[in-house]
Amino acid sequence: MQTLIINIKELLQVRETNVDKVSGSEMAILPSIKNAFLLIEDDAIAAFGSMTDCPKINPEKTIDAIGKIVLPSWCDSHTHIVYAGNREQEFVDRINGLTYEEIANRGGGILNSAKKLNETSEEEIYNQSKKRLEEVIQQGTGAVEIKSGYGLTVEGELKMLRVIKKLAQNYPIAIKSTFLGAHAFPIEFKENHAAYIDLIINEMLPKIAEEKLADYIDAFLETGYFSVDETERIMEAGKQFGLRSKIHVNQFTAINGIAACVKHNALSVDHLEIVTDEDIEALKDSETIAVALPSCSYFISIPYTPARKMLNAGLPLALASDFNPGTTPSGNMNFVVATACIKMKMTPEEAINAATINGAYAMGLSKTHGSITIGKKANLIITKPLNSFYELPYAFGSNLIEQVLLNGKVIA
Ligand SMILES: N=CN[C@@H](CCC(=O)O)C(=O)O
Ligand SMILES: [Zn+2]
């Protein structure tokens, strides 16, 4: 099956030769072709170029994209889309003056979601989660990482990971699965951290590996959650089961966690709202990418990841949504890109690089996703007619997406 998109006003993120990620000053460059065509064969990109070189063929389907921008789908490398219920009451509690930390200390926060999840059936969790997945697909996301972490029991964690697996089987979007048993200490382990970490390592991990339920392992490395030493035990154990780390770190405090993650060759370090010069030094020349989550900063009013400081240091940066019930009840990557421009002072070129090719790298998908490159999956966003692609972050409240393609098929 051939689909030919013609008269594209501007085709963004074209990479003749694939790159796995872009760093520092390279992020300011977003290669593009004006007045372009793009040919899809089955589920993959088969050719692209200037309209003057458009092949004279009779494809099964032609899409006229006159006035419109075409770009690779968003690659959202950090979400918690699978959860039960909501935390609307905590949202109102924060408006009334409580902090995220105060709410967590009262047994709210992650433990609140864990209680709901353990009381909810697998089928019901699937039904609630699929609506969120369908919504982000409509919003242009073509690859997504989804974490467990609201089970915090053997059964609860397995239940979440099975839901993620079922979503991956039933939807055309690429899904990577991350085991986040080390998201918080359940109340009964508050005074005995070692016992909960033993449970993760000796009970949860072997079952998850046996059922092949996870691609990555995660932990919440933070004051009051998992210490550097505790997280190192988790990362080490993950490695024994073939799971590379993607770690929540430096959301509220900097406690030398990033250096430990780099030491363990983590694929990504995520959040980084608080970043020291030592953290930046640790990331230099590593294979670990930083992932910023600006919608979380927006929603719970914490600092934004210092993107300029990191790009000036030559580091790569990815952007992701962090879609979860507590700190970010939104998976809209268009808002993430706009907020990165508006609040983190990233240029539109930098933000789009961060949300496509670098997002793909942050979940191990940069060989197949994140750029317009021959052989990659034809996961595309076709916008409404726009003045320029700057309109995407500029008109931050508008839905500017007209069509979404996944694996070469128009699905929204
Ligand atoms: N910080 C840790 N985990 C999530 C929030 C979890 C929650 O509050 O439910 C995050 O990435 O923001
Ligand atoms: Zn998160």
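This one's a predicted model, so the numbers in the text were calculated from it and none came from an experiment. Here, residues in each chain are numbered from 1, in the same order as that chain's written sequence. Starting at A for chains and at 1 for ligands, labels are handed out in the order in which the entities are written. Side-chain atom pairs in this predicted model are given and counted only at pLDDT of 80 or more, local residue features only at pLDDT of at least 70, and totals for whole chains, interfaces and linings cover all residues. Excluding hydrogens and water, the side-chain values take into account all heavy atoms of the structure.

Novice: Whenever I open this one, the UniProt feature "binding site: Fe(3+)" (unreviewed entry) in the protein chain confuses me. Can you help?
Specialist: UniProt positions are given in the numbering used here, feature names are shortened, and annotations may be inferred rather than shown by experiment. Those places that UniProt annotates as "binding site: Fe(3+)" (unreviewed entry) correspond, in this numbering, to H78, H80, H248 and D322. A maximum C-alpha distance of 12.1 Å is found for the annotated residues, which run over 245 residues; spatially they form one tight group. Of the annotated positions mentioned, H80, H248 and D322 line the largest cavity. With respect to the helices and strands, H78 occurs in the loop between β6 (74-76) and α1 (88-95). For each structure, a 1 Å grid was placed over the protein atoms alone; sets of points admitting a 1.4 Å probe that cannot get out are labelled cavities, open sets with protein on both sides within 12 Å along at least five of seven lines are labelled pockets, and lining residues have an atom within 4 Å of a point. Put simply, DSSP H or I for four residues or longer makes a helix, DSSP E for two residues or longer makes a strand, and each gets a number counted from the N terminus.

Novice: Which parts of the structure should I look at to understand the UniProt feature "binding site: Zn(2+)" (unreviewed entry) in the protein chain?
Specialist: Cross-referencing UniProt, the feature "binding site: Zn(2+)" (unreviewed entry) maps to H78, H80, H248 and D322 in the present numbering. Looking at the element boundaries, H248 is found in strand β10 (residues 244-249). Categorising residues by exposure relies on relative accessible area from a 1.4 Å probe, with only protein chains included: less than 20% of the type maximum marks a residue as buried, more than 50% marks it as exposed, and the intermediate range marks it as partly exposed. Among the residues examined, H248 registers a relative accessible area of 3% and is labelled buried. What makes two residues a contact is simply this: any of their non-hydrogen atoms within 4.5 Å. Other than its neighbours up to four places away in sequence, H248 contacts H78, H80, K147, L180, D218, A219, F220, L221, D270, H271 and D322.

Novice: What is the right way to read the site of ligand 1 from this model?
Specialist: If a single non-hydrogen atom of a residue is within 4 Å of a molecule or strand, that residue counts as near it. In the vicinity of ligand 1 lie 15 residues, with R87, Y100, Y150, Q251 and T327 positioned nearest. Pairing of N or O atoms within 3.5 Å defines a polar contact, subject to two protein rules: one partner must be a possible hydrogen donor and the other a possible acceptor, and residues neighboring in sequence count only if both atoms are side-chain atoms. Here an oxygen atom of ligand 1 and a side-chain polar atom of R87 are 2.7 Å apart. Residue Y100 places a side-chain N or O atom 2.5 Å away from an oxygen atom belonging to ligand 1. Residue-level accessible areas treat just the shown protein chains as cover; the underlying method is Shrake-Rupley with a 1.4 Å probe. If ligand 1 stood free it would expose 320 Å²; the protein chains cover 100% of that surface. Comparing atom positions with the cavity grids shows ligand 1 to sit within the largest cavity. Residues were grouped as follows: Ala, Val, Leu, Ile, Met, Phe, Trp, Tyr, Cys and Pro as nonpolar; Asp, Glu, Lys and Arg as charged; and all remaining residues, including Gly, as polar. Each residue belonging to the shell around ligand 1 can be placed in one class, and the counts come to 4 nonpolar, 9 polar and 2 charged. Here the criterion for a molecule occupying a pocket or cavity is that more than half of its atoms lie within 2 Å of the pocket grid points.

Novice: In this structure, what is going on with the packing of helix α12 (residues 333-344) against helix α13 (residues 348-355)? I would like to understand it.
Specialist: Each pair of packed helices can be described by the angle between their axes along with the distance between the axes. Helix axes use the C-alpha atoms of the stretch in contact, all axes being lines fitted to C-alpha atoms, and the angles between their N-to-C directions lie in the range 0 to 180 degrees. Across the interface, α12 lies against α13 with an axial gap of 9 Å and an inter-helix angle of 140°. One element, α12, and the other, α13, form an angle in the oblique class. With respect to the hand of their crossing, α12 and α13 are arranged in right-handed fashion. Within the contact between the two elements, α12 uses M333, V337, A340 and C341 and α13 uses P348, A351, I352 and A355. Residue classes in the contact of α12 with α13 are distributed as 8 nonpolar, no polar and no charged. Angular relationships are summarised with four words: roughly parallel below 35 degrees, roughly antiparallel beyond 145, roughly perpendicular across 65 to 115, and oblique for the angles in between. By convention, the crossing between two helices is left-handed when the near helix turns anticlockwise from the far helix through less than a right angle, and right-handed when the turn is clockwise.

Novice: What is the right way to look at the state of the cysteines in this model?
Specialist: Formally, a disulfide is one covalent bond, and it connects the sulfur atom of one cysteine to the sulfur atom of another. Disulfides are defined in this document as cysteine sulfur pairs within 2.5 Å. In this structure the tally under the stated criterion is 0 disulfides. Cysteine C261 remains unbridged, with the sulfur of C296 as its closest cysteine sulfur at 17 Å. Assessed through its relative accessible area of 0%, C296 is described here as buried.

Novice: I tried to follow empty space enclosed by the protein on my own but got confused; where do I start?
Specialist: By rolling a water-sized probe across the atoms, one finds the places where empty space is left. Grid points are joined across faces, edges and corners, and a volume is the space filled by probe spheres set on the points. Taken as a whole and judged by the stated rule, the model has 2 cavities of 30 Å³ or more. Estimates place the volume of the largest cavity at around 90 Å³. Around the largest cavity sit H80, Y100, I110, Y150, H183, F220, H248, Q251, H271, D322, N324 and T327, which together line it. Across the lining of the largest cavity, the residue classes tally to 4 nonpolar, 7 polar and 1 charged. Taken as a whole, the second largest cavity encloses approximately 50 Å³ of empty space. As for the second largest cavity, its lining consists of P72, S73, C75, T368, H369, G370, S371, K377 and N379. A per-class count over the lining of the second largest cavity returns 2 nonpolar, 6 polar and 1 charged.

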